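# Architecture at a glance
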Amino acid sequence: MTQEKVLALLKAGPEAYHSGQSMSRALGVSRAAVWKAVECLRNEGYWIDSVPNRGYCLKAEPDLLRAGALSNELEGCRVGGTLVCLPTVDSTNNELKRRAAEAPDGLAVLADEQTGGRGRRGKSFQSPRGQGIYLSVLLRPDCPLAELSALTAWIAVAVCEGIREACGAEAEIKWTNDVLLGGKKLCGILTELEIEAESGLLRHVIAGIGVNVGQTAEDFGPELSPVATSLALAMGHTVRRTELAACLLRALDRMYAAFPTEKERYLAEYRRRCVTTGRNVLLLRGDARRPAFAEAVEDDFSLRVLFPDGHRESITAGEVSVRGQMGYI
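One structure accompanies this document, and this report is about it. (Residues numbered from 1 in each chain as written. Predicted model: local features only at pLDDT ≥ 70, side-chain atom pairs only at ≥ 80, totals over all residues. Heavy atoms only, no water.)

## So, the sheet that holds strand β9 (residues 202–212)
Sheet architecture is open: seven strands sit in the order β3-β4-β5-β9-β8-β7-β6, paired in mixed fashion. Only two strands of the sheet have a single partner each, and these edge strands are β3 (83–86) and β6 (172–174). Within this sheet the neighbouring strands show an average axis-to-axis angle of 20 degrees, counted without direction. Where strand β4 (residues 108–111) lies against strand β5 (residues 132–139), four bridges are found, and the strand directions are antiparallel. By the bridge assignment for β5, Ala111 is matched with Tyr134. On top of the sheet, helix α6 (residues 151–167) reaches β5, β6, β7 (178–181), β8 (184–195) and β9; it is set at about 140 degrees to β8, its chief contact. (Pairing = 2+ DSSP bridges. Helix = DSSP H or I, 4+ residues; strand = E, 2+ residues; numbered from the N terminus. Axes fitted to C-alpha atoms, helices over the stretch in contact; angles between N-to-C directions. Contact = heavy atoms within 4.5 Å.)

Written out as structure tokens, the structure reads:
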């Protein structure tokens, strides 16, 4: 914990020197503890200069996801205001479930690696060490349960906005919960609700987000490389995960503050980014596949489709999956 606090102090004043005495006083620890924390950070790749009578200065840092590197970027945020960063975990959603009973609203869990990342319908989500953002946030929205069916769509919009803020990329959305770049999957979103059995009231929502950041085509392999991408592949350069994580959490914080009152803005942005509409699709319901034409995203974020026999239907994400007839989209 001292390391995170020391790192946060050093990042609060980039290119500024902080004396060991002032840092020990600010943190309520000994100067020896500050020195030890600095040495541990140096061993992890942080370039921390030290000058007699001036103190310590952070000159450069590795792209490691840790609370001390992000806390200043998230000051005043409810989402991410309390942040846990882990080197490895089975899944960040599972970790939040274990912590949920005592956790504050907006708690975020970031992991450098997931050993059991999951998507919708039990599908696995590859989560290699150091290559992505594996993030879950705990939310307790004050709204009727009926409003929550649209929350995943709102989160998809927030993810797109966070990606744009971090690196300028304009991502798109495959209805309802996949974020694409260049027509390939960049990010998956898994939203899980816990309802109190006796009262039927919402206990919490856990939103899990996995973004491919540094993977190469070889990392995806021949099966996934035709349909999956990373920011590094799509942009042609490295994107710092620390900056991306901060931008995503700030965008999620803005989304949470707006939900559900600013529906028109998020609905308009979702429709603008949705690449499913205007295409022939396959509706997957169990083992059945049914062709249709995706006409529009309805006001409740359901998808209106037209079947070959002229029948129209509005479908929800919980009912079916949608797949493009000629590709991933």
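Still more to cover.
## Some remarks on α6
Under the 1.5 Å per step criterion, the end-to-end length of α6 is 25 Å for 17 residues, consistent within 8% with the ideal 24 Å. Buried residues dominate α6, accounting for 15 of its 17 residues. Following α6 by one or two positions, Gly168 has its phi on the positive side, about 85 degrees. (Expected span 1.5 Å × (residues − 1). Buried < 20%, exposed > 50% of the residue type's maximum accessible area, 1.4 Å probe, protein only.)

## Describing the packing of α6 against helix α9 (residues 241–258)
When two helices pack together, their arrangement is given by the angle between the helix axes and the distance between those axes. Packing of α6 against α9 brings their axes to within 8 Å, and their N-to-C directions diverge by 140 degrees. Considering their axes alone, α6 and α9 lie oblique with respect to each other. α6 and α9 meet at a crossing whose hand is right-handed. In contact with Leu151, Trp154, Ile155, Ala158, Val159, Gly162, Ile163, Glu165 and Ala166 of α6, α9 contributes Glu243, Leu244, Cys247, Leu248, Arg250, Ala251, Leu252, Arg254, Met255 and Ala258. (Parallel < 35°, antiparallel > 145°, perpendicular 65-115°, else oblique. Left-handed = near helix turned anticlockwise from the far one by under 90°.)

## Description of the pattern of salt bridges
Evaluated as defined, the whole model comprises 28 salt bridges. Where Glu39 meets Arg42, a salt bridge forms, and the shortest distance between an N and an O atom there is 2.5 Å. Of this pair, Glu39 and Arg42 both sit in helix α3 (residues 31–43), three residues apart, which is roughly one turn of the helix. Judged by relative accessible area, which is 26%, Arg42 ranks as partly exposed. Glu44 is paired through a salt bridge with Arg66; the nearest N and O atoms lie 2.2 Å apart. Taken together, the positions of Glu44 in the loop between α3 and β1 (47–51) and Arg66 in the loop between β2 (55–60) and α4 (67–70) put the pair 22 residues apart, joining distant regions of the chain. By relative accessible area, which is 37% here, Glu44 ends up partly exposed. (Salt bridge = Lys/Arg side-chain N within 4 Å of Asp/Glu carboxyl O.)

## Regarding the packing of aromatic side chains
Within the structure shown, the criterion is met by three aromatic pairs. Measuring from centroid to centroid gives 4.9 Å for Trp154 and Phe259, while their planes differ by 85 degrees, and the two rings are edge-to-face. One end of the pair, Trp154, is in helix α6; the other, Phe259, is in the loop between α9 and α10 (263–273), with 105 residues separating them in the sequence. Look at Trp154 and you get buried, because its relative accessible area is 2%. Where Tyr270 meets Phe301, the ring centres are 5.6 Å apart and the plane angle is 85 degrees; that geometry is what we call edge-to-face. In this pair, Tyr270 sits in helix α10 while Phe301 sits in the loop between β11 (288–297) and β12 (303–306), placing the two residues 31 residues apart along the sequence. Taken as a pair, Tyr270 and Phe301 share a single burial class, namely buried. An aromatic cluster of at least three residues, connected via ring pairs, comprises Trp154, Phe259 and Tyr266. Directly above the aromatic system of Tyr17 lies the positively charged group of Arg54, at a separation of 4.0 Å from the ring centroid. (Phe/Tyr/Trp six-rings, centres within 6.5 Å; stacked < 30°, edge-to-face > 60°. Lys NZ or Arg CZ within 6 Å of the ring centre and 35° of its normal.)

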